[in-house]
Amino acid sequence: METARLIISIGVLTFLGWNVLYLISRGRGLCRTERAALSYALGVGCVSLEMLTFFFLGQPLRVSMLLAPWAVVIILNMIRAFREGGAPRDAGALFHGSRAPYRPVDILLACGIAFEVCYAFFRALIKPIESYDAIAIYAIKSKMLFLARAVTADFFLAMKAFFPHPDYPLNIPFIETFLYMTMGSLNDQLVKVIFPLFALAILALLYCAVRRFASRTYALLFTFVLATIPMFGSYAANAYHELPLACYYFASALLLFRWFERPDRTRLLAVSAVMVGLAGWTKNEGMLYCAVNVIVLAAFVAFNYKGMSAKGLIGAAAYPVIIVVLLLPWILVKRSFGITNSDVDLANINPVYIVGQAHKIVPILNEFQKQIFGPKKWNLIWIAALIGFAMQYRSAFTGIRRYVTLSLALAVSGYVVFYMKSNIEVVHFVTKTWARFLLHFLPVAVYWLALILKDDIRI
Amino acid sequence: MKKIVLHILLAVWIVLWVMFLARELFVKGAFRDYRILAGRTLDGKRSYVTGDSLYGFIEFCRQNIPDRATYAFEGFEDGALDKRRATYYLYPRTETPDPEFICAYMVPVRAREGYSLYREFGDTGYIVKKDKE
């Protein structure tokens, strides 16, 4: 019974996310697979944000009260669909050579991906939440919310008084609470289905994104590479929030790069802004990706504003506004309760301070390279990325690819600054966290590798 | 030539993938864990991942300490995973510096000023309760 309720709840979340996607963009320019992946991530993020607003409304958390307001969105979408003649065309039909027969290597790669996806679900669902951060930082919050059936001041005060990292955003704890409420019990085993679903969404988005400029075999190859990276598979199952964050950032980055190709498609830009805003609502590192996307967008506008329409420029100007609007409720809550981060103080980031911390750069970079070249580390993908960059460094700075390269460079730089600003001893902090922080931009890195090697590997 | 290199790299990647999978399943014991977990209820799974002895003690504390009571642990390192798990399972009971109960795990029974022995959990643990003022 709990399993059936869980499946229905995931379906409901995805359906609500699809409605958000339809409301913003009508799903135009996206294939069915992309719409499904984005719908799941949007549904999770929007429902959890809705749950936070119940704190401001002073209302208890009840499933019926959470779902009722969505009727307005659904009815609006139905009216629009009726007026405009149904669902948009599946943009997957635009994939190059989509009717080509499957080759043996396609079947091999697809089976490998399918195996990894099934294994991720199995690993997630065979045991309850038990990893350190998953239980100490996140699951305890969803348990508190589920038992209280409300988001109250007591919750935030108790978080601050009794548990570590009260400043961590609550996207996933809220959605865990939602699923506990729909299941009717605190089943911390079944609730882990959230995480392999995010992994599946990432793989689906990667496949579709590469498929847009390459053959099926090429797209399957890079999707297989990502799916079979052991860290990726392991974090799809351990209830840490690295993959949800990676999914939101990856989706936002892909949509942003797509918009660069067609700046009149402001609807895709709006969806990108929402996704990266939800990245900030998932983990504090998501704020870094909000900044990364805004800087990359600003760079694009700076180089291309002459050829852009007023609609495109307004869309670009609205991008940071959408992010701020999404993050505002959580920022207000943190300010009201004096909730801050004990590890990093971002209040005094300025060039003088950063220069003063320059002595940390060498140990940081040394720890970075250990994660890539250390013999015990399964990070061959980063070695492959470096080799790919060396082989195709000119390609990495041409056309839209330069913005993907910029995005990755900003992400790495952001983490360097983050470590320099940290109150924790730098070598210890980097050793404990860098391996999983790499996961945040791993999908973008694999996509980037597929982009820059396209002319080199003709399959 | 490039196609041959690509095929070799793909074959190497697949071999490494299978090796890492096999190592996780058979060398690191994941397969054995999955077999045991598959045969347990949800509570049994929680017990297995926490450690049956520790989980038994946590259950003992849950049954003997009221829901809204405060407690402190002895026998756990601050910040240790065991302590985090115990905190999670014991909630809504909360940990405070001046608690009504002290849960001592793998610690010899000893006198504590202002507290009396409340319950014993075999040889592995016990709970002391604050004396009424």
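None of the values given here were measured: they were computed from a predicted structure.

1. Points about the overall build of chain A
Point 1. Helices and strands together make up the secondary structure of chain A, namely 20 helices and zero strands.
Point 2. A globule of 459 residues ought to have a C-alpha radius of gyration of about 23 Å, and chain A, at 22 Å, matches this closely.
Point 3. Projecting the C-alpha coordinates of chain A onto the three principal axes gives extents of approximately 60 × 60 × 50 Å.
Point 4. Burial analysis of chain A (459 residues in total) assigns 61% to the buried set.
Point 5. Relative to all contacts within chain A whose residues are 6 or more apart in sequence, the contacts with residues 24 or more apart total 82%.

2. Some details on unusual backbone geometry
Point 1. A cis amide bond links Tyr91 of chain B to the next residue, Pro92 of chain B, at an omega of 20 degrees.
Point 2. Of note in the backbone geometry, His165 of chain A takes a positive phi value of approximately 50 degrees without being a glycine.
Point 3. Assignment of secondary structure puts His165 of chain A in the loop between helix 7 (153–162) and helix 8 (171–183).
Point 4. Its identity as a non-glycine residue notwithstanding, Met106 of chain B has a phi of 55 degrees, on the positive side.

3. Section: the domain arrangement of chain B
Point 1. Taken domain by domain, chain B comprises domain 1 (2–38) and domain 2 (42–130).
Point 2. On a C-alpha basis, the centres of domain 1 of chain B and domain 2 of chain B stand 40 Å from each other.

4. As for the sheet that holds strand 4 (residues 115–121) of chain B
Residue and element names in this part refer to chain B.
Point 1. Spatial strand order, 2-1-3-5-4: five strands in an open sheet with mixed pairing. The open sheet terminates on both sides in strands that have one partner only, identified here as strand 2 (94–95) and strand 4.
Point 2. By the bridge criterion, six bridges tie strand 4 to strand 5 (residues 125–130) in an arrangement that is antiparallel. Bridge pairing links Tyr115 to Lys130 in strand 5.
Point 3. In the packing of helix 4 (residues 52–64) onto the sheet, contacts are made with strand 3 (101–105), strand 4 and strand 5, and the angle to strand 4 comes to roughly 125 degrees.

5. Comments concerning the packing of helix 12 (residues 242–261) of chain A against helix 13 (residues 266–282) of chain A
All names here are of chain A.
Point 1. Following both chains from N to C, one finds helix 12 and helix 13 inclined at 160 degrees, their axes separated by 8 Å at the closest point. Overall, the two elements helix 12 and helix 13 adopt an arrangement that is roughly antiparallel. When the axes of helix 12 and helix 13 are compared, the crossing they make is left-handed. Residue-level inspection shows Pro244, Leu245, Tyr248, Tyr249, Ala251, Ser252, Leu255, Leu256, Arg258 and Trp259 of helix 12 in contact with helix 13, the latter providing Thr266, Leu268, Leu269, Val271, Ser272, Met275, Val276, Leu278, Ala279 and Thr282.
Point 2. Taken together, the residues of the contact of helix 12 with helix 13 break down into 15 nonpolar, four polar and one charged.

Calculation rules
- Residues numbered from 1 in each chain as written.
- Chains lettered and ligands numbered in written order.
- Predicted model: local features only at pLDDT ≥ 70, side-chain atom pairs only at ≥ 80, totals over all residues.
- Heavy atoms only, no water.
- Helix = DSSP H or I, 4+ residues; strand = E, 2+ residues; numbered from the N terminus.
- Rg over C-alpha atoms; globule rule 2.2 N^0.38 Å.
- Buried < 20%, exposed > 50% of the residue type's maximum accessible area, 1.4 Å probe, protein only.
- Contact = heavy atoms within 4.5 Å.
- Domains from an automatic or database assignment.
- Pairing = 2+ DSSP bridges.
- Axes fitted to C-alpha atoms, helices over the stretch in contact; angles between N-to-C directions.
- Parallel < 35°, antiparallel > 145°, perpendicular 65-115°, else oblique.
- Left-handed = near helix turned anticlockwise from the far one by under 90°.
- Nonpolar A, V, L, I, M, F, W, Y, C, P; charged D, E, K, R; others polar.

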